[in-house]
Amino acid sequence: MTKALRDKIVESLTSILPIALIVLVLSVAFVPMDTGTFVLFLVGVVLLIVGLGCFMLGADMSMLVIGEKIGATMTHSRKIWLIALLSFVIGIIVTIAEPDLQILAEQVPAVAQQTPLGNYLLILTVAVGVGVFLTIGMLRIVFRIPLHYLLLVFYALAFVLSIFVSPDFWAVSFDSGGVTTGPMTVPFIMSLGVGVASIRSGKGSKNDSFGLVALSSVGPIIAVLTLGIIFDIHDVEYTVESLTSVADTRGVFFEYLHGFGDYAVEVAIAISPILAFFVLFQIVSRVFRKRQIVRIVIGFIYTFLGLALFLTGANVGFMPVGRLVGQGLAQLWGGWLLIPVGMIVGYFVVAAEPAVHVLNKQVERMSAGAITSSAMMKGLCIGVCISLGLAMTRILTGINIMWVLIPGYVIALVLTFFTPPLFTGIAFDSGGVASGAMVSSFVLPMAIGACNVIDPSAIMTQAFGCVAFVALTPLITIQILGIVYKHKTSRIKRNFLTVEDRVLEYEVY
């Protein structure tokens, strides 16, 4: 166990260190920071490294194991109503306390003012959207419906609904699809798909292992757009809060102590429904042995501790630095330095997302090593690099978000007809996975800080939307990776057959 944890922490160190070095260079060369803020950042780096390592180990030991077993058991029962009901319930309980979703809901006061439910109006809307579309995704696997047909229909529906919603609400709607599939949701939903596909035999069963996260990402977009139509939400505003300032090391200590307490409670709330569902599932099915139960419980402890440390470091240490970097760069050379810096940050920040590591490991395992974690990571890094370049360009130029989203999704959906089905599922899953905690706590504050300098009145329409871009570009880059992979394997097969024919010809001769 100690070696496994050490290996995970070393892996997380290689993921977090590039971002820390980028911020260090920026703080020296372009955006000087006060000592207190910089110390907050350094402590945050340490917490991110330890937290990400613990989370990855805990997810391997608990979330992935439980999800696969529940998925396999549901499918083995052959009861469609049970699969649909449990999928809907699971979708709601794993989404309703997703930390990234809580952050988004707090930043959109126009929605909270519509009903006495306050922030929970948006949270419940997104949770129901995930529940409905997780059910659709599970039934898709059971009935063997091609994923790209559903993606075509539902994304077309999303863009049709956007016609009837105020443009002020577009960015928030598409961002909601990205923040929903965060560090708590992704491991559980992905492992459900793997579990269901493992029971299904025959051609294409592995292809259906992926795609649940993809459908669970489009569900919130449609649900939130529908919410905007029902309540006629417009003139969405964002209030920029003052940055936290600390004068000494004691201030840093108490800032983190307070933050850890808050995020530990959030993570406990997020994990408790899954833990309760596991206990109920075990009482009914008795599928886990005593040793497995002990291992899963230890995994939950690692998951709780890791995610609490990670979110504390990200939100207390990285969020104020992200805002300062955005503000500082926006004041230099007309703000055009934001584009290259944003692209560099985008290339490296995706490696720091907890859920990305879960996705890459699952892809490598389900493809029997044919699709390596490093290849997946490069594809995601390139995609997020492009997306943040587009996001910063939009802040500087005021381009309408639909000018990017519509052609982007058209390209992504057209590629589904040329990409191997396995890569289609992986690509659309990766879009939701890439837009996680680090994007919410560092990239989005950076965009808000830049927009606050360039045009404070356009924060909701220009700064928001970067999460949607991060969720879009990996759909294209990973599918292109799939086309290249298909071409290479086809060429290898042709060469192999040519050699085989020559051998047979020689033997006949």
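What you see is a predicted model, and the numbers here were worked out from it, not measured in a lab.

Topic: the overall build of the chain
Now for step 1: Per the secondary structure count, the chain includes 20 helices and zero strands.
Now for step 2: Counted over contacts in the chain with a minimum sequence separation of 6, partners at least 24 positions apart contribute 87%.
Now for step 3: Of the roughly 20600 Å² of accessible surface on the chain, 68% is carried by carbon and sulfur atoms.

Quick word on helix α1 (residues 2-29)
Now for step 1: Between its terminal C-alpha atoms α1 stretches 40 Å, which fits the 40 Å expected from 28 residues at 1.5 Å a residue.
Now for step 2: Residue Ile 16 marks the point of greatest curvature in α1, where the axis turns by about 30°; the proline Pro 18 follows within four residues.
Now for step 3: For α1, every residue scored as buried is listed here: Leu 5, Lys 8, Ser 12, Ser 15, Ile 16, Ile 19, Ala 20, Ile 22, Val 23, Leu 26 and Ser 27.

What to know about empty space enclosed by the protein
Now for step 1: Applying the stated criterion to the full structure yields two cavities of 30 Å³ or more.
Now for step 2: Roughly 80 Å³ of volume is contained in the largest cavity.
Now for step 3: Forming the boundary of the largest cavity are 13 residues, of which Tyr 155, Ser 217, Ile 221, Tyr 409 and Ala 471 lie nearest the centre.
Now for step 4: Those elements giving two or more residues to the lining of the largest cavity turn out to be α8 (170-180), α10 (212-231), α17 (421-434) and α20 (466-508).
Now for step 5: Classifying every residue of the lining of the largest cavity gives eight nonpolar, five polar and no charged.
Now for step 6: If you go around the second largest cavity, the residues you meet are Lys 8, Met 56, Asp 60, Leu 64, His 357, Val 358 and Lys 361.
Now for step 7: Within the residue set of the lining of the second largest cavity, elements represented by two or more residues are α2 (35-77) and α14 (354-366).
Now for step 8: Residue classes in the lining of the second largest cavity are distributed as three nonpolar, one polar and three charged.

Some words on a nonpolar patch on the surface
Now for step 1: Judged by side-chain polarity, Tyr 149, Ile 406, Val 410, Val 414, Phe 417 and Phe 418 come together as a nonpolar surface patch covering roughly 590 Å² of accessible area.
Now for step 2: Here the element with the most residues in the nonpolar patch is helix α16 (residues 402-415); it accounts for three residues.
Now for step 3: Within the secondary structure, Phe 417 sits in the loop between α16 and α17.

Regarding the nonpolar core
Now for step 1: If you look at the biggest cluster of nonpolar residues, it comprises 155 residues, and the most contacted ones within it are Ile 70, Phe 188, Leu 192, Leu 329, Leu 405 and Met 438.
Now for step 2: Ranked by residue count, the leading element in this core is α2, at 13 residues.
Now for step 3: Dropping the residues within four chain positions of it, Ile 70 is found in contact with Ile 90, Phe 188, Leu 192, Phe 277 and Phe 281.

Let's talk about the packing of aromatic side chains
Now for step 1: Tallied over the entire structure, the rule returns 15 aromatic pairs.
Now for step 2: With a centroid separation of 5.7 Å and 70° between ring planes, the pair formed by Phe 318 and Phe 442 is classed as edge-to-face. Residue Phe 318 is found in helix α12 (residues 290-330), and its partner Phe 442 is found in helix α18 (residues 437-454); the two are separated by 124 residues along the sequence.
Now for step 3: Of the residues examined, Phe 318 reaches a relative accessible area of 0% and is grouped as buried.
Now for step 4: A residue is classified by how much of its surface remains accessible, and Phe 442, at 2% relative accessible area, is buried.

Comments concerning unusual backbone geometry
Now for step 1: Phi at Arg 144 takes a positive value of approximately 60°, unusual for a residue other than glycine.
Now for step 2: Owing to a relative accessible area of 46%, Arg 144 belongs among the partly exposed residues under this scheme.
Now for step 3: Of note, the phi angle at Trp 333 is positive, near 50°, even though the residue is not glycine.
Now for step 4: Mapped onto the secondary structure, Trp 333 falls in the loop between α12 and α13 (338-349).
Now for step 5: Owing to a relative accessible area of 62%, Trp 333 belongs among the exposed residues under this scheme.

A few points about the environment of Ala 434
Now for step 1: By the secondary structure assignment, Ala 434 is in helix α17.
Now for step 2: With 51 residues separating them along the chain, Ala 434 and Gly 383 place their C-alpha atoms 9.4 Å apart.
Now for step 3: Non-local contacts of Ala 434, meaning those with residues more than four positions away in its chain, are made with Val 350, Glu 353, Val 356, Leu 380, Val 384, Val 439, Val 470 and Pro 474.

So, the pattern of salt bridges
Now for step 1: Using the criterion set out here, one finds three salt bridges in the structure.
Now for step 2: Taking the shortest distance from any N to any O, the salt bridge between Asp 7 and Lys 3 comes out at 3.0 Å. Of this pair, Asp 7 and Lys 3 both sit in helix α1, four residues apart, which is roughly one turn of that helix.
Now for step 3: On the accessibility criterion, Asp 7 (40% relative accessible area) is partly exposed.
Now for step 4: In this structure, Glu 11 engages Lys 361 in a salt bridge whose closest nitrogen and oxygen atoms are separated by 3.6 Å. Here Glu 11, found in helix α1, pairs with Lys 361, found in helix α14; they are 350 residues apart in sequence, far enough to count as distant.

Some words on α8
Now for step 1: Among the eleven residues of α8, eleven are classified as buried, and the element is accordingly described as predominantly covered.
Now for step 2: Looking at α8, one finds that the buried residues are Trp 170, Ala 171, Val 172, Ser 173, Phe 174, Asp 175, Ser 176, Gly 177, Gly 178, Val 179 and Thr 180.

Quick word on the packing of helix α6 (residues 120-143) against α10
Now for step 1: It is the contact of α6 with α10, at a shortest axis distance of 7 Å, that shows an interaxial angle of 140°. One finds that α6 runs oblique with respect to α10. Crossing of α6 over α10 shows right-handed handedness. Residues Leu 121, Leu 122, Thr 125, Val 126, Gly 129, Val 130, Phe 133, Leu 134, Gly 137, Met 138, Arg 140 and Ile 141 of α6 lie in contact with α10, whose contacting residues are Leu 212, Leu 215, Ser 216, Val 218, Gly 219, Pro 220, Ile 222, Ala 223, Val 224, Leu 227 and Phe 231.

Parameters at a glance
Residues numbered from 1 in each chain as written. Predicted model: local features only at pLDDT ≥ 70, side-chain atom pairs only at ≥ 80, totals over all residues. Heavy atoms only, no water. Helix = DSSP H or I, 4+ residues; strand = E, 2+ residues; numbered from the N terminus. Contact = heavy atoms within 4.5 Å. Areas by Shrake-Rupley, 256 points an atom, 1.4 Å probe, with all protein chains shown as cover. Expected span 1.5 Å × (residues − 1). Bend = angle between axes of the 7 residues up to and from the residue. Buried < 20%, exposed > 50% of the residue type's maximum accessible area, 1.4 Å probe, protein only. 1 Å grid on protein atoms, 1.4 Å probe; cavity = no way out; pocket = protein on both sides within 12 Å on 5 of 7 lines; lining within 4 Å. Points joined across faces, edges and corners; volume = space filled by probe spheres on them. Nonpolar A, V, L, I, M, F, W, Y, C, P; charged D, E, K, R; others polar. Patch = residues over 30% accessible without salt bridge, like charges linked within 9 Å, V, L, I, M, F, W, Y side chains within 5 Å. Salt bridge = Lys/Arg side-chain N within 4 Å of Asp/Glu carboxyl O. Core = buried A, V, L, I, M, F, W, Y, C linked by side-chain atoms within 4.5 Å. Phe/Tyr/Trp six-rings, centres within 6.5 Å; stacked < 30°, edge-to-face > 60°. Axes fitted to C-alpha atoms, helices over the stretch in contact; angles between N-to-C directions. Parallel < 35°, antiparallel > 145°, perpendicular 65-115°, else oblique. Left-handed = near helix turned anticlockwise from the far one by under 90°.

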